[in-house]
Amino acid sequence: MRVAIVGATGAVGHELLKVLEGSSLQFDELLLFASPRSAGTQLTFKGQPLTVQVTPDGAIDADVILASAGGSISKALAPKWVEGGAVVIDNSSAFRYDDDVPLVVPEVNGNAALGHKGIIANPNCTTAIAVVAVAPIHRAYGVKRMIVSTYQATSGAGAKGMEELLEQTRAELNGEQAQASVFAHPIPFNVIPHIDSFQDNGYTKEEMKVAWETLKIIGDDSLKISCTAVRIPTLRTHSEAITLELERPATPEAVRELLAGAAGVEVRDNPEGKLYPMPLTASGKYDVEVGRIRESLVFDGGIDLFVAGDQLLKGAALNAVQIAEYLQQKGALKAKQRA
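Residues numbered from 1 in each chain as written. Predicted model: local features only at pLDDT ≥ 70, side-chain atom pairs only at ≥ 80, totals over all residues. Heavy atoms only, no water.

**Some words on the side chain of Ser155**
For Ser155, the position within the fold is in the loop between strand S9 (143–152) and helix H5 (159–173). Residue classification places Ser155 among the buried positions, given a relative accessible area of 3%. Engagement of the side chain of Ser155 in a polar contact is seen with the backbone oxygen of Leu235, the distance being 2.6 Å. If we ignore the near neighbours within four places in the chain, the residues touching Ser155 are Met162, Leu235, Arg236, Thr237, Gln311 and Leu312. (Helix = DSSP H or I, 4+ residues; strand = E, 2+ residues; numbered from the N terminus. Buried < 20%, exposed > 50% of the residue type's maximum accessible area, 1.4 Å probe, protein only. Polar contact = N/O pair within 3.5 Å; in protein donor to acceptor, adjacent residues only side chain to side chain. Contact = heavy atoms within 4.5 Å.)

**Digging into the sheet that holds strand S2 (residues 29–34)**
In spatial order, the strands read S5-S2-S1-S6-S7-S8; together these 6 strands make up an open sheet with parallel pairing. For this open sheet the edge positions go to strand S5 (53–54) and strand S8 (119–121), each flanked by a neighbour on one side alone. Note that strand S6 (residues 64–67) and strand S7 (residues 87–90) share 4 bridges and pair parallel. Pairing of Leu66 across the sheet is with Ile89, part of S7. Relative to strand S1 (residues 2–6), helix H1 (residues 11–21) is tilted by about 155°, and along the sheet it contacts S1, S2 and S6. The strands touched by helix H2 (residues 71–83) are S1, S6, S7 and S8; relative to S7, the strand with the most contacts, the crossing angle is about 155°. (Pairing = 2+ DSSP bridges. Axes fitted to C-alpha atoms, helices over the stretch in contact; angles between N-to-C directions.)

**Details of the state of the cysteines**
The tally for this structure, following the rule as stated, stands at 0 disulfides. Of all cysteine sulfurs in the structure, the one in Cys227 sits closest to Cys125, which takes part in no disulfide; the separation is 11 Å. For Cys125, a relative accessible area of 14% translates into the label buried. (Disulfide = S-S within 2.5 Å.)

**Section: H2**
Counted at 1.5 Å a residue, the expected span for H2 with its 13 residues is 18 Å, and the 19 Å between its end C-alpha atoms agrees. Along its length, H2 shows its largest kink, about 40°, at Leu77, and proline Pro79 lies within four residues downstream of that point. Those residues of H2 not exposed but buried are Ser74, Leu77, Ala78 and Trp81. Following H2 by one or two positions, Gly85 adopts a phi angle in the positive range, close to 100°. (Expected span 1.5 Å × (residues − 1). Bend = angle between axes of the 7 residues up to and from the residue.)

**Considerations on the sheet that holds strand S13 (residues 288–295)**
Reading across from one edge, S10-S9-S11-S14-S13-S12 is the order of the 6 strands in this open sheet, with mixed pairing throughout. Each having just a single partner strand, strand S10 (224–231) and strand S12 (265–267) make up the two edges of the open sheet. Averaged over all pairs of adjacent strands, the angle between their axes in this sheet comes to 20°, without regard to strand direction. Of the strand pairs in this sheet, S12 and S13 are connected by 3 bridges, and their pairing is parallel. Its bridge partner lying in S13, Val267 is registered against Val290.

**Regarding empty space enclosed by the protein**
Under the definition given, this model contains 1 cavity of 30 Å³ or more. When its volume is computed, the largest cavity comes out at roughly 30 Å³. If you list the elements that add at least two residues to the lining of the largest cavity, you get H1, S6 and helix H9 (313–329). Ranked by residue count, the leading element in the lining of the largest cavity is H9, at 3 residues. (1 Å grid on protein atoms, 1.4 Å probe; cavity = no way out; pocket = protein on both sides within 12 Å on 5 of 7 lines; lining within 4 Å. Points joined across faces, edges and corners; volume = space filled by probe spheres on them.)

Put into structure tokens, the structure is as follows:
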């Protein structure tokens, strides 16, 4: 069994290496690929150095390809990788909205991965974090409307986003003028209600991704979703305030008990003890933290909650590896014959 990472030197690529080290995925060889600029870089996996190769223009001799090199690369090359016999788990937005490509969060719709035609899409990081918490509630009580406000870390824009936060913060603290490059405005000591491009309806594409992808993953087109996405000056982990209108009323106690038994969720909900989800505590965790579970003051029998999830892990690298693990556990991932 041979696994390949395309985009191995990026922020998600580094996390893929870490996740694979502790993964239950059984494989014999790991191949690393990136752009020509990163070729020759040495990365370590289980104590052994691996050399990053240039991503080829054609097929890659691997059984599973974990792709995190951007939408344009995936769009151009993933079909060639599939023709070469690989299963592609793609972290970009290139295939998320294709009808014949499953969009998968294993805790929610793992079975969808079994119907793949060579490509499986990883959802947007914000969506993945939200649905882990919302899907169990939807199954138990039915969600009619979902209102989301996000608080997204600079790492959502990659390593360059984190670098810009640090560089601009140093500049501000030294009394210098911060110059924005990655983000639309300086990010230190600021919040920016603008992630991705604005659409004709006044929402950004990031906000619409949460709506489009949640519907596809949960599999209920009747669900109404509104999202406001905000960039905040933290390095890692996205947080979200979520309000749910339910078909069947639920109490906070019942939802708390439900989520305590849900896969991929850690309930942190003791306001008196100052225990609630935060980037500070959720960073580096596999589970999504959920707390501030309370009755909605707007929707009768509705629920408000707050979630925090590491978008480089559950929102990207971890979810991709979990998809591969799921396929292998179901007997749907096998090494191809090699000469």
